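Given next are the chains, with one letter for each unit.
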Amino acid sequence: MTHNKTGAVGAHNAKVMNRFDLTKHVVDKLKRDEAVIGGIGNANFDLWACGQRPQNFYMLGSMGLTIPIALGVAIAQPKRHVIALEGDGSLLMQLGCLATVAMRAPKNLTMIVWDNGVYQITGSQPTASAATADLVAIARGSGLSNSAWAADEDDFDRLVAAALQDGGPSLIAARIDRKPAVATTDRDPVQIRARFMRGLGAKPSAA
Ligand SMILES: Cc1ncc(C[n+]2csc(CCOP(=O)(O)OP(=O)(O)O)c2C)c(N)n1
């Protein structure tokens with residue numbers, strides 16, 4: 001595989017990897033109470049399966065909110081690194097967030113996009129990224145110059161390690177297979193929110 005610094009690795013020649021496996025790679029690298037936001041469905045199911053931690057937020061129900069939530073946390077807590085794990089279909093529903101992230105430019109934000117080319121959890125209808133849209137090109141066009149396709153697992157590890165050095169915002173896109181997620185997150189949004197706020201040391205709101 002040609003290294004992506006050459007610009008040769010794109011959506012069509014990056015290795016097809018596995019979301020749970022790569023999620024484990026990310027979780028294994030966490031050292032500093034990083035916040036991790038898992039997107040609706042499979043992204044947060046596999047994050048849940050990698051071991052629950054109070055600094056994880058598991059998004060239920062809303063497509064495309066992973067990066068906006070992560071951006072908010074990154075701005076509110078600039079000393080904490082924040083990682084967003086989002087599916088391609090969900091990101092395609094909320095592309096404007098990329099331009100907002102680029103404009104605000106938080107150094108402590110890493111966005112990881114799982115591109116399986118389908119809206120898998122609702123029946124694997126194809127997404128535009130399977131046909132005509134290149135998510136890394138869109139991110140770069142939004143102003144996120146630090147965006148790359150992961151060529152393979154080693155390249156993914158290298159990109160994540162570099163991103164965690166607070167040199168962001170960074171976007172890493174990984175082509176993944178269509179294996180189902182390994183577990184299912186407990187559907188308890190109130191509990192998820194309360195635990196996350198405690199995990200971040202945030203004061204509970206009055207509501
Ligand atoms: C606004 C909105 N439209 C549709 C849905 C139904 N829905 C839930 S998850 C999902 C697909 C998510 O696709 P993707 O982010 O690519 O993740 P994948 O399922 O492929 O892991 C859809 C269509 C929803 N929750 N919200």
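Please refer to the structure higher up on the page.
Bear in mind that the values here come from a model prediction, so they are computed numbers and not experimental data. (Residues numbered from 1 in each chain as written. Predicted model: local features only at pLDDT ≥ 70, side-chain atom pairs only at ≥ 80, totals over all residues. Heavy atoms only, no water.)

A volume near 290 Å³ is recorded for the largest pocket. Contributing to the lining of the largest pocket are 19 residues, with Ile40, Ser90, Tyr119, Gln120 and Ile121 lying nearest its centre. Mapped by element, the contributors of at least two residues to the lining of the largest pocket are α2 (42-49), β3 (82-87), α4 (88-92) and β5 (118-119). At three residues, α4 tops the list of elements feeding residues into the lining of the largest pocket. (1 Å grid on protein atoms, 1.4 Å probe; cavity = no way out; pocket = protein on both sides within 12 Å on 5 of 7 lines; lining within 4 Å. Points joined across faces, edges and corners; volume = space filled by probe spheres on them. Helix = DSSP H or I, 4+ residues; strand = E, 2+ residues; numbered from the N terminus.)

Now for the pattern of salt bridges. Under the criterion given, the structure shown has six salt bridges. Among the ionic pairs, Lys15 bridges to Glu153, the shortest N-O distance being 2.8 Å. Of this pair, Lys15 sits in the segment before α1 (19-28) while Glu153 sits in helix α7 (residues 153-163), and the two are 138 residues apart along the sequence. Judged by relative accessible area, Lys15 falls into the partly exposed class, the value being 38%. The partner of Arg32 in a salt bridge is Asp166, with the nearest N and O atoms 3.7 Å apart. In this pair, Arg32 sits in the loop between α1 and β1 (35-38) while Asp166 sits in the loop between α7 and β8 (170-175), placing the two residues 134 residues apart along the sequence. For Arg32, a relative accessible area of 41% puts it in the partly exposed group. (Salt bridge = Lys/Arg side-chain N within 4 Å of Asp/Glu carboxyl O. Buried < 20%, exposed > 50% of the residue type's maximum accessible area, 1.4 Å probe, protein only.)

Turning our attention to the pairing of strand β4 (residues 109-115). Buried residues dominate β4, accounting for seven of its seven residues. Side chains Leu109, Met111, Val113 and Asp115 of β4 all project onto a buried face; the interleaved residues Thr110, Ile112 and Trp114 project onto the opposite face, where all are buried too. Sheet topology places β3 next to β4; six bridges connect them, and they run parallel. Bridge pairing in β4 places Ala84 opposite Met111. With six bridges joining them, β4 and β8 adopt parallel strand pairing. Counted as the bridge partner of Asp115 is Arg175 from β8. (Pairing = 2+ DSSP bridges.)

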